Amino acid sequence: MFKSVKNAMAGIFITLFLSSSALAAGQFDGVTLLVGTWGGLWKDNQVENIVSKFEAEGGKVEFVTGSPAANFAKIVAARGQAPFDVVEILAAQVKDYHELDVLHPLDLSLIPNTEFLSESRYNEWLVGSWETQEVICYHKDKFAEEGIPVPTTYRDLVHPKLAGRIQFPDINSGGGLTGLAGVTFAEGGDETNIEPGLNLVKEMNVLKFWARGGETMAQFESGDIIASVVHAGWCLRTKKLAGQNVTTVHPRINDELVGVASEGWFGVMKNSKNAEAAQWYINQFISADYQLKMAIKTGLVPVNQSVFEAMAEDPLVAEMIVLDPEKVANQLRVDYSKVIIPDWTDQWNRAIAQ
Amino acid sequence: MWVRWWILLIPPLIVGFTLVAASQFVFLRASFFEDLGLGRVGDELVIENYVQFLTDGFYLKILWVTVKTSALAALSTLILGFPVAYLIARMRSSWSMILLAGIVVSTFITIVIKVYGLIVIFSANGLFNQTMLAIGLFDKPFSVFGNETGVVIGLMHFTLGFGVLLLYSIIQTIPKSLESAAQIHGANRWRVYYRIIFPLSLPGVTAMLLMVFNMCMGAFTSAALLGGGLVFTLPVMIQRIVMMDIKYSMGATIAAVLLVSVIIINLLSIYLLRRLRAAHLVVV
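What you are looking at is a predicted structure, and each value in this text was computed from that prediction instead of being measured.

A. Quick peek at the overall build of chain B. Helix and strand content of chain B: 12 helices and 2 strands. Reported as C-alpha extents along the three principal axes, the dimensions of chain B are approximately 75 × 75 × 40 Å. Split into buried and exposed, the 284 residues of chain B put 44% on the buried side. For chain B, contacts bridging at least 24 residues in sequence account for 68% of all contacts bridging at least 6. Carbon and sulfur atoms make up 72% of the accessible area of chain B, which totals about 15700 Å².

B. Looking closely at the state of the cysteines. Residue and element names in this part refer to chain A. Inspection of every chain in the model, using the stated rule, returns 1 disulfide over all chains. Each sulfur in the disulfide pair Cys 137 and Cys 235 lies 2.1 Å from the other. The disulfide joining Cys 137 to Cys 235 has a torsion of about 80° about its S-S bond and is therefore right-handed. Residue Cys 137 is located in strand E4 (residues 126–139), and its partner Cys 235 is located in helix H9 (residues 232–242); the two are separated by 98 residues in the primary sequence. We classify Cys 235 as buried; its relative accessible area is 0%.

C. Geometry of the side chain of Asn45(A). Locating Asn45(A) in the fold gives a position in helix H2 (residues 40–56). For Asn45(A), the side chain forms a polar contact with the side chain of Lys297(A), separated by 3.4 Å.

D. Just the interface of chain A and chain B, in detail. With 34 residues of chain A at the interface, the matching set in chain B holds 32 residues. Overall, the association of chain A and chain B removes approximately 2700 Å² of surface from exposure, summing both partners, and the carbon and sulfur fraction of that is 53%. For the chain A face of the interface with chain B, the top three residues by lost area are Asn172(A), Arg350(A) and Gln354(A), together amounting to 23%. Where chain A meets chain B, there are 2 salt bridges. In this structure, the salt-bridge partner of Arg240(B) is Asp170(A), at a minimum N-O distance of 2.8 Å. Mapped by element, the contributors of at least two residues to the side of chain A that touches chain B are helix H3 (68–77), helix H4 (94–100), strand E6 (208–210), helix H8 (214–222) and helix H15 (341–352) of chain A. Per-element tally for the side of chain A that touches chain B: the top contributor is H15(A), with 8 residues.

E. Geometry of the side chain of Glu134(A). Residues and elements named next belong to chain A. Assignment of secondary structure puts Glu 134 in strand E4. Lacking a salt bridge, the buried Glu 134 has Arg 333 as its closest oppositely charged neighbour, with an N-O distance of 10 Å. At a separation of 2.7 Å, a polar atom in the side chain of Glu 134 contacts the side chain of Thr 132. With residues up to four places along the chain from it excluded, the contact list for Glu 134 reads Tyr 154, Gly 175, Thr 178, Val 230, His 231, Pro 251, Val 260 and Ser 262.

F. Quick look at the environment of Gly150(B). Residue and element names in this part refer to chain B. For Gly 150, the location among the structural elements is in helix H7 (residues 148–172). C-alpha separation for the pair Gly 150 and Val 236, spaced 86 residues apart in sequence, amounts to 15 Å. Beyond its immediate sequence surroundings of up to four residues, Gly 150 is in contact with Val 144 and Leu 226.

G. Molecular detail of unusual backbone geometry. Unlike most non-glycine residues, Asn205(A) shows phi in positive territory, near 55°. Secondary-structure assignment places Asn205(A) in the loop between helix H7 (195–203) and E6. Even without being glycine, Ile246(B) reaches a positive phi, approximately 50°. As for its placement among the helices and strands, Ile246(B) is situated in the loop between helix H11 (234–244) and helix H12 (248–278). Residue class for Ile246(B) comes out buried when judged on its relative accessible area of 2%.

H. Region of interest: H3(A). Most of H3(A) is tucked away: 8 of the 10 residues are buried. The inward-facing, buried residues of H3(A) abut strand E1 (32–37), strand E2 (60–65), strand E3 (86–90) and H4 of chain A together with H11 and H12 of chain B.

The rules behind these values
Residue positions within a chain follow its written sequence, with the count starting from 1. Starting at A for chains and at 1 for ligands, labels are handed out in the order in which the entities are written. Only residues with pLDDT of 70 or above have their local features reported here, since the model is predicted, and side-chain atom pairs are shown and tallied only from 80 upward, although totals for entire chains, interfaces and linings are computed over all residues. Each side-chain value is derived from all of the structure's non-hydrogen atoms; neither hydrogens nor water enter the calculation. Per the convention used, a helix needs a DSSP run of H or I reaching at least four residues, while a strand needs a run of E reaching at least two, with both numbered from the N terminus. Summary of the burial criterion: residues with accessible area below 20% of their type's maximum are buried, those above 50% are exposed, and those between are partly exposed, where the area comes from a 1.4 Å probe applied to protein chains only. By definition, residues are in contact when any of their heavy atoms lie within 4.5 Å. Accessibility throughout is a Shrake-Rupley quantity obtained with a 1.4 Å probe, and a residue counts as covered only by protein chains that appear here. Here, the term disulfide refers to a pair of cysteine sulfur atoms separated by no more than 2.5 Å. Polar contact is the term for a pair of N or O atoms within 3.5 Å; when the atoms are in protein, one must be able to donate a hydrogen and the other to accept it, and sequence-neighboring residues count only if both atoms are side-chain atoms. What counts as buried area is the accessible surface, traced by a 1.4 Å probe, that two parts surrender upon association, with contributions from both included. We define a salt bridge as a side-chain nitrogen of Lys or Arg found within 4 Å of a carboxyl oxygen belonging to Asp or Glu. Residues scored as charged are limited to Lys and Arg (positive) and Asp and Glu (negative), so that His and the chain ends carry no count.

If you want it as structure tokens, here you go:
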């Protein structure tokens, strides 16, 4: 009798153990997803909000941090055998990714959150991940103290009191190509003629060309600069985190366009063995929940349009970022298919080097 | 029993060759192929990349800036480092060991941290500029960003500790009794320096200058962080071409030119030193 009760108990325990294991099993058991993205706050946000969910599904995420340019260089160096499954791509790099033929075609049914994106922000190869608005970030108090007029165009940065006190993105940086495009179009140039833009940059008397957007925050704090061409997110963080009284101006480009927009994308690598998990990751990244958190924290513009209203409730975001869809549509977007990046960088190097 | 000690040299030789020579060879080999962009190179051996470098004023100017800033940094290291090294070498108290230890420890600090220290000190709100503005020596803040002066300061900051240690070992080999003898015979301090310490230390000083110069020629961090995207040296240019343009052949060409320039400058300096020795301007 005692023995049969013991056997029955053991049977119950075994059944419970097996059923709990089955319940705990996630859809990504044993999967290690490699994500190519920026480091710092950008990565931390993903760890906090997406990685935890992925781990709950039994998987593990490892980050390969670096700028999109550095990550692309890794793909080239590895002869297409990318050291990641999913990677962040800048609009300017899309052409190169296609030329190298390193992308995996997407199954959009695995990325249902694309329904909240505008049609221009997803296709069979890439899904939009964020947008930035390239602005002139200036120190309100310093401008007022020194009687410097608030800039409305890039040309307004050519001012004797701003000489050696402004920053501009280096062509090598994440904002470099967009920054140069902004000044080029504002000065009457285009994708095939950047000379007007380069001439204006030379006239500006820039203190330094930033390589990482975070330098803007440090340089405002140290008093080295009082204005910077940077994306609105860095201006927002300069105010939020560094306590500097800065705000943004979306520069007038021409009679029709005001402001400059830049686009980020996600792509899955052709050599990825975890394409399904990679697409799950992208879907989480463009979810309303993550996009809103990302936007409030970093000042980037979400691609998920369902969160625009909630974003506008944050007073700093509302002050610094354009959220009106009509105005967003009137921002300059560069057609990078017409841009030969090595030519741009070569011309930049020759024009800017002392 | 006769022991073949040279066998012990084989493993480090293999490791050294694989890590340095072989990897460099693969990279430098790429410089002799046409650059097709996106990391791709042509099939035929060409010298186009070298022709482009040597006939393009832009690249030659960058070579000149690299040599100039490195030479100035090496010279500044000597000027600032020699008195410090001399003082420590001639010190009789235990302080000499403490100071030497301090210098050794300072060389352990990573260059990025050193450069950021400079950035803080020389920022508009930093100690240096606030002091200079307060006492009226400057009418506007001096910046270490985006100018060659800043790059030279950064390079010198990188090499100073190393330079002092080298100079210390050189000065220690000069007997103090020579200085005492000269002073007993009426030589003042300046004459002792000029006629005894300087000629006796010159071969070592030349070696130190060359070592510091070589370090500066290949230094990337100081030039990249303080150059602010305005001052281009060859290492900065290599990074830009390899990382941004993904032009491996041109990047390799610049690396090869950098290597050859350093070798030529070193050989030239050794030749000049030998001529000085031959003319008995330097004590052997």
